Amino acid sequence: MPSITCAKLTSYTVGAVVLQMIGLSLFVFGFFPVKPSLSGFSGADSFRPPGYDSSDNQNESSLTPDQLRLLYQGLSGIPPLFDRLILMVVDGLPAEFVLGKDRQPPSKAMMESMSYTQSLLANGMAIGYHAKAAPPTVTMPRLKAMVSGAIGGFLDVAFNFNTQALLDDNLLDQFFRIGWKMVMLGDETWLRLFPGLFIRQDGVSSFYVKDTIQVDHNVSRHLGDELRRDDWSLLVLHYLGLDHVGHIGGRNSALMAPKLAEMDDVVKMIHLSAIQRQKNNEGRTLLVVVSDHGMTENGNHGGSSYEETDSLALFVGLNSHMHDQASTTRNSAYQVDIAPTLALLFGVPIPKNNVGILISKAFESLADEDQLRAMELNAWQLIRLLQAQLPGLSCANLSRKAFSDSHESRTARCRGRMEKMLCCLYMNAAVFHSSWKSKKASRSNSREEYSSTVAAYYEFMKSARKHTQNSMLWWCSDEFFIVGSILILILSMGSSSMVEEEQYIWHFMTSTFYLILLRKTLKSFAVGNMRNLFGFFKCQNGRTGIRLCSIFVTLVSGRILRGWHQGGVNWTDLPDISKWLEQYGSDSVRLIQLTSGLLIICLGLLALSSIELKRRVVKLVGFSFLIPGLLVLWHIVSSQEIKFASSADNATSLAQMIYATLGMITFGSVMSIPWLMPIRILDKCTKHDANLSTLALVNIQDKYPLVEFRDSSYVIGLVYLLCWCLLQLLLQQPINSMPIFLLLVQILVSMIYSSNSWRQPKEWVEVAAFYCLGMAGHFALGNSNSLATIDVAGAFIGLSSYSTLISGILMFIITYASPMFALLSIVMYISVKKTSHLVEFEIADSGYLLKMMLGLPCLVPLGLNSIILVAYTIVLLLMRNHLFVWSVFSPKYLYVCATTVCVYVGVFVVAATEIYVYLVLNLRRKKQVLICNGAR
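Just so you know, these numbers come straight off a predicted model, no measurement behind them.

Criteria and thresholds
Numbering of residues begins from 1 in every chain and follows the order in which that chain's sequence is written. Under the rules for a predicted model, residues below a pLDDT of 70 receive no local features and side-chain atom pairs below 80 are neither given nor counted, while totals for whole chains, interfaces and linings still include all residues. Side-chain metrics rest on all non-hydrogen atoms present in the structure, leaving aside hydrogens and water. Secondary structure counts use DSSP, requiring at least four H or I residues in a row for a helix and at least two E residues in a row for a strand, with both numbered from the N terminus. Three labels apply to residues, based on accessible area from a 1.4 Å probe with only protein chains included: buried if under 20% of the type maximum, exposed if over 50%, partly exposed otherwise in between. In this description, contact between two residues means that some pair of their heavy atoms is separated by no more than 4.5 Å. Here the Shrake-Rupley method, with its probe set to 1.4 Å, supplies the accessible areas, and only the displayed protein chains count as covering residues. Distance and chemistry together define a polar contact, namely a pair of N or O atoms within 3.5 Å, with one atom able to donate a hydrogen and the other to accept it when in protein, and with adjacent residues in sequence counting only for side-chain atoms on both sides. For patches, a residue must show more than 30% relative accessible area and have no salt bridge; joins then use 9 Å for like charges and 5 Å for nonpolar side chains, namely Val, Leu, Ile, Met, Phe, Trp and Tyr. By salt bridge we mean one thing: a side-chain nitrogen of Lys or Arg within 4 Å of a carboxyl oxygen of Asp or Glu. Pairing of aromatic rings covers Phe, Tyr and the six-membered ring of Trp, with a centre-to-centre limit of 6.5 Å; geometry is then stacked below 30 degrees between planes, edge-to-face above 60, and tilted otherwise. The rule is short: NZ of Lys or CZ of Arg within 6 Å of the ring centre and within 35 degrees of the ring normal puts a charge over the ring. The score called pLDDT rates the predictor's confidence residue by residue, from a low of 0 to a high of 100. Note on geometry: axes are C-alpha line fits, over the in-contact stretch for helices, and angles between N-to-C directions span 0 to 180 degrees. The scheme is simple: roughly parallel for angles under 35 degrees, roughly antiparallel for over 145, roughly perpendicular for 65 to 115, oblique for anything else. Take the far helix as the reference: if the near one is turned anticlockwise from it by less than a right angle, the crossing is left-handed, and if turned clockwise, right-handed. Under the scheme applied here, ten amino acids are nonpolar (Ala, Val, Leu, Ile, Met, Phe, Trp, Tyr, Cys and Pro), four are charged (Asp, Glu, Lys and Arg), and all others, including Gly, are polar. Should DSSP find at least two bridges between two strands, the strands are taken to pair. In this description, a nonpolar core means a group of buried Ala, Val, Leu, Ile, Met, Phe, Trp, Tyr and Cys residues linked to one another through side-chain atoms lying within 4.5 Å.

1. Re the overall build of the protein
When its secondary structure is counted, the protein shows 36 helices and 8 strands. Out of the 936 residues belonging to the protein, those deemed buried represent 53%. Long-range pairs, those at least 24 residues apart, make up 78% of the contacts in the protein between residues at least 6 apart in sequence. Looking at the protein as shown, the accessible area adds up to about 41100 Å², and 62% of this sits on carbon and sulfur atoms.

2. Notes on helix H15 (residues 338-345)
Each turn of an α-helix holds 3.6 residues, which means side chains three or four residues apart point in the same direction. For H15, the buried fraction is high: 8 of the 8 residues fall into the buried class. Those residues of H15 lying buried are Ile 338, Ala 339, Pro 340, Thr 341, Leu 342, Ala 343, Leu 344 and Leu 345. Remark: Gly 347 follows H15 within two positions and exhibits a positive phi of approximately 75°.

3. Some words on the side chain of Ser 148
Among the structural elements, Ser 148 can be located in helix H6 (residues 139-148). By relative accessible area, which is 4% here, Ser 148 ends up buried. Among the polar contacts listed, one links the side chain of Ser 148 to the backbone oxygen of Lys 144, at a separation of 2.5 Å. Apart from the residues within four sequence positions on either side, Ser 148 is in contact with Asp 169, Asn 170, Ala 339, Pro 351, Asn 353 and Asn 354.

4. A closer look at a nonpolar patch on the surface
Where nonpolar side chains cluster on the molecular surface, the patch consists of Phe 552, Val 553, Val 556 and Ile 560 and spans about 310 Å² of accessible area. With respect to the helices, strands and loops of the structure, Phe 552 is situated in helix H24 (residues 542-564). Of the residues examined, Phe 552 reaches a relative accessible area of 56% and is grouped as exposed.

5. What about the packing of aromatic side chains?
Evaluated as defined, the whole model comprises 16 aromatic pairs. Relative to Tyr 514, the ring of Phe 513 has its centre 5.3 Å away and its plane inclined at 85°; by these criteria the two rings are edge-to-face. Given the relative accessible area of 3%, Phe 513 is considered buried. Given a relative accessible area of 6%, Tyr 514 falls into the buried group. An aromatic cluster is defined as three or more aromatic residues linked by ring pairs; in this entry it consists of Phe 82, Phe 175, Trp 180 and Phe 346. The positively charged end of Arg 84 is found above the aromatic ring belonging to Trp 232, 3.7 Å away from the centroid.

6. Here's the deal with the confidence of the model for the protein
Across the protein, the average pLDDT comes to 81, with 81% of residues at 70 or higher. In the model, residues 526-540 has pLDDT below 50 throughout and makes 13 contacts with residues more than four positions away in sequence or in other chains. Between residues 836-844, whose pLDDT stays under 50, and residues either more than four places distant or in other chains, the model counts 23 contacts.

7. Digging into the packing of helix H16 (residues 368-389) against helix H18 (residues 418-438)
Contact geometry of H16 with H18 gives a least axis separation of 11 Å together with a crossing angle of 155°. On the basis of their axis angle, the class for H16 and H18 is roughly antiparallel. Both H16 and H18 take part in a crossing whose hand is left-handed. Residues Asp 368, Glu 369, Leu 372, Arg 373, Glu 376, Ala 379, Trp 380, Ile 383 and Leu 386 of H16 touch H18, and the partners they reach there are Leu 422, Tyr 426, His 433, Trp 436 and Lys 437. Classifying every residue of the contact of H16 with H18 gives 8 nonpolar, 1 polar and 5 charged.

8. Regarding the sheet that holds strand S7 (residues 310-316)
The strand order across the open sheet formed by 8 strands is S4-S3-S5-S1-S6-S7-S2-S8, and the pairing between neighbours is mixed. Each end of this open sheet is capped by a strand with a single partner; those strands are strand S4 (198-204) and strand S8 (332-334). Averaged over neighbouring strand pairs, the angle between their axes works out to 15° when direction is ignored. Note: strand S1 (residues 84-90) against strand S6 (residues 285-290), 6 bridges, orientation parallel. By the bridge assignment for S6, Met 88 is matched with Val 289.

9. Considering the nonpolar core
Counting residues in hydrophobic clusters, the biggest one holds 129 residues, and the most contacted among them are Trp 506 and Val 715. Broken down by element, the residue count for this core peaks at 18 residues, all from helix H30 (residues 706-731).

10. Overview of the pairing of strand S2 (residues 126-132)
Across a regular strand the side chains alternate sides, sitting on one face of the sheet and then on the other. The buried fraction of S2 amounts to 6 of the 7 residues, a majority that puts the element mostly inside the structure. Of the pairings in the sheet, the one linking S2 to S7 comprises 7 bridges and is antiparallel in character. When the bridges of S7 are listed, Ala 126 appears paired with Val 316. When S2 meets S8, the two strands line up parallel, connected through 3 bridges. Looking across to S8, one finds that Ala 131 is bridged to Ala 333.

11. So, the pattern of salt bridges
Throughout the structure, instances matching the rule amount to 18 salt bridges. Here Arg 69 ties to Asp 66 by a salt bridge, and the two come within 3.7 Å at their closest N and O atoms. In this pair, Arg 69 and Asp 66 are both assigned in helix H2 (residues 65-76), 3 residues apart and thus about one turn of the helix distant. Since its relative accessible area comes to 48%, Asp 66 is described here as partly exposed. The salt bridge involving Glu 502 is made with Lys 892; its shortest N-O contact spans 2.6 Å. Taken together, the residues span a long stretch of sequence, with Glu 502 in the loop between helix H21 (496-500) and helix H22 (503-529) and Lys 892 in helix H36 (residues 885-935) at a distance of 390 residues. For the pair formed by Glu 502 and Lys 892, the shared burial category is buried. Through salt bridges with shared partners, one network takes in Arg 200, Asp 225, Glu 226, Arg 229 and Asp 231.

Here's what the structure looks like:
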């Protein structure tokens, strides 16, 4: 390579390495599981129903630890069974070493090695479980799962070697908040996860696997002294020796039996000490023996085989009604179930991100009402987690009357869409519980009702756990695709050929994105509704069918738009739909123009009629829209007869009349609709509906005009879209009339998809999709990055004399018809998204609601445009000496700057409209509430 200098070779190598690292990072963080988590810690609200308005309650941060502990105990309603907790972690201990496998007891050698533990199980003084661990089966993520109840990401296997502090909600932090003193002996992973929480500690390294003796001796040497102390409430013991034995010699190592006997001696020592403390009236101690994972035959771990995920959860100190070994071997749970079980036993809030379900046998010594209370608290925590993951999930709309019939009909009704099924299961359990509590007089005879309540709670919690595990593990493919596409777009800006043919990227982005949505919709239908396949065609799964049809219509419309104009710079001479139609003459084009105008008018009136609020204001808007619609059709018909000056003057006057009419209708609708929209005040002056499940939500709906805001935004957003379409029919080339209609179809069916899909995709992804639709439509109308494709002729329609300002504005409107159309659609998009999830009762106010409703819809277009603007500015700077700097890169930069102006204008219109609508409605609502209160 004599022509390549050392400097060039170095730069090429560095660039290739950087590109490879970027690609590797995108793949790793996109492919491997990533667990989003809720920030903050659970507090007193976890002991209250979801939706409870706690704004008037005392701030927990002002309470002392003892006061907080008493507050939690009072709100919990479950009497504390224990005063101290000893968490003994035996690293790498397979559950079958203690509990057996496949209904068979452990081998004789194993039972003899742990004779004392086996006697506890046989006498009912301990309860053992096969606690299934989630992969990766390495120490750090498994410890997190036990104390937080959350499942970590697969990349935690890498972080296992460099553990960082655990910032998510967890048991140890909850214990610390109520004043517990904690001691840790063993694996130093605990010290890195929870720095500063322990009053005493002695950590040992877990990576020197050759040591099987001293590593455990360092733990046990302090044990006798700690058991005699009474200055701690939690003692963590983490023994590493057994795991090291497995790494050295596997499961069948000669060192395994002695190590098990050593662990059995530790269990005996702790248990006898706990018995003595209880005899001396020094409180009760619960010993929980757990393992973080199992091991393969050769002693390794990290995968997902049964041997590696078969971990132990042994509760010593709980009385069990099962005294036979066969029953013990069948006990199974999940490792994440340990967190809610311990939280409820010791009266602290369940961690926010917990997906575990309480282990019922741990609460058998409690009264029935206390056991049901524990299940209720667990269900409340899971429904809050679901509501955070599914913003549209709201069970307040389900009336309790719907669940007042037989158990069989109740459970049969809980089918269909995920959100509906989860709400149904939750309400089913709540109604069973309420019914059981109402039968106080015959409670001793209500065992069947009690069993049904327990079954209902577990049915909901298991379904909730299944959903949360599936939804929290993977970064959605649509999110990854949007981010990746933006990166591809930025990289393509450095190529002159890609700048000239940019339309291919935008068409690829939109079509592929909706194909991803199609795949996800079909997958969700196949998973949840294959048994009701024929019911799909009977509209029993209407929402899924609507989503599928919406995606299909969007894809078909997009393909037609893609082929309407060849686009770009280099291949404009190739055939396309517009050239084919123009071969049939102007009459055919005019017929298509008239057809498009009629279709837009009919579709607009249909969209207006679909609003639930059938009031005069809607009829008035529909009638007002007909006027400019008919004027535009008249202009289309008369424009082909322009042959003389008088006819041209008439056409100019007609165009000016259309401008004025569209302007008055748009401005008048925005200003008047918030004042004309009827305010819905719940009839609190006369009576209150006792069947409403969440009183706080009712109060919020009275306080903030969310329903009226949605109705007003829907109508105003539709006015924006329809008036913009009519304006484009007037200004665009006649051949572009059908693409204008297809763009309207794409936007409206995308709205339909969004309104019927609360869970996926996320809001920012949907807004980004609208932005991509707008840019794809920009090129579908015949635009390119060449200045030659700007339609100058249309900028003088309706002008009787030359005006640089007016013609410039009209030229901008013609050129950026599609991007502005997509931005204006955000007003309507905000209205079709559910708003009940916006209300967080502690901080809900007008500013908060506006921020939640307008934040992402406004920031996403601004953010995307800013990324492109900054990136292309850098590209232009780097290409300043390029051969095509003036013919390719500079014109493109002018388009980027003009697009920035378009985005600014569009976002400003959206924000100003929604703020004005909300302020007017809020003012009217306050006046109505004052009148209502005065009437009482």
